[in-house]
Amino acid sequence: MTALAHRWSALSLLHGRIESRVERALHAGHKLSAREYSLLDVLSRQHDGEGGHLQMRQVADSVVLSQSATTRLVTRLEQRGLLSRYLCPTDRRGIYTDVTEAGMRLLDEARPTHNTALRKALDEAAEDPALAPPRPGRPRAAGRHPAGVSRRPGVSRRIPPGAG
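Owing to the predicted nature of the structure, the values given are computational and were not obtained by experimental measurement. (Residues numbered from 1 in each chain as written. Predicted model: local features only at pLDDT ≥ 70, side-chain atom pairs only at ≥ 80, totals over all residues. Heavy atoms only, no water.)

A. The overall build of the chain, seen in detail. Secondary structure summary: the chain contains five helices and two strands in total. Its helices and strands taken in sequence order, the chain reads α-α-α-α-β-β-α from the N to the C terminus. If you take every contact in the chain between residues at least 6 apart in sequence, the share linking residues at least 24 apart comes to 51%. Just so you have it, the chain exposes about 11,300 Å², and 54% of that area is on carbon and sulfur atoms. (Helix = DSSP H or I, 4+ residues; strand = E, 2+ residues; numbered from the N terminus. Contact = heavy atoms within 4.5 Å. Areas by Shrake-Rupley, 256 points an atom, 1.4 Å probe, with all protein chains shown as cover.)

B. Here's a closer look at the environment of Thr71. With respect to the helices and strands, Thr71 occurs in helix α4 (residues 67–79). Separated by eleven residues in the primary sequence, Thr71 and Ala60 have C-alpha atoms spaced 8.3 Å apart.

C. Structural context of the side chain of Thr97. Relative to the helices and strands, Thr97 is located in strand β2 (residues 95–99). Contacts of Thr97, omitting those with residues within four sequence positions, involve Leu43, Gln46, Met56, Val74, Leu83, Ser84 and Arg85.

D. Representation of the nonpolar core in the model. Leu39, Leu40 and Leu83 are the most contacted members of the largest nonpolar core, which totals 24 residues. At the level of elements, α1 (3–30), α2 (34–44), α3 (56–63), α4 and α5 (101–127) are the ones that each hand at least two residues to this core. When residues in this core are grouped by element, the largest group, six residues, is from α2. Non-local contacts of Leu40, meaning those with residues more than four positions away in its chain, are made with Leu32, Leu77, Leu82, Leu83, Val99, Gly103 and Leu107. (Core = buried A, V, L, I, M, F, W, Y, C linked by side-chain atoms within 4.5 Å. Buried < 20%, exposed > 50% of the residue type's maximum accessible area, 1.4 Å probe, protein only.)

Structure follows, in structure tokens:
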């Protein structure tokens, strides 16, 4: 595996482990998914100043979901009383979403759980050799062959001395 491919694989593995740990902790402690937590967290940082409220497209980008998936997530949280929607006062086509008081309470309760799960996942990752970056001089991964040697046993592509 090339160093670049190894780094990508390690990053993907790390992301999956973190997301899984955070998901389990949030669900067990607060009946909240990691995506729901992320959405509440992003929306809780809005403010009433210029550019302080996010449009649905911006929210979707922030939580790394499609606009339609974000809209469905907002609807579910709105039905649970954690979010509310309202028309933009300056552009009646725009709809903004705010975290309700109940949503803020849940977010405040869930934040330590999220942070603890995240810290534990990162601490475990720091000790996991599967996530360590490849070092120069490390043995080749299985399946890699030195330059000029065929992948088929007993067949060499090396040019004999004096030929050519």
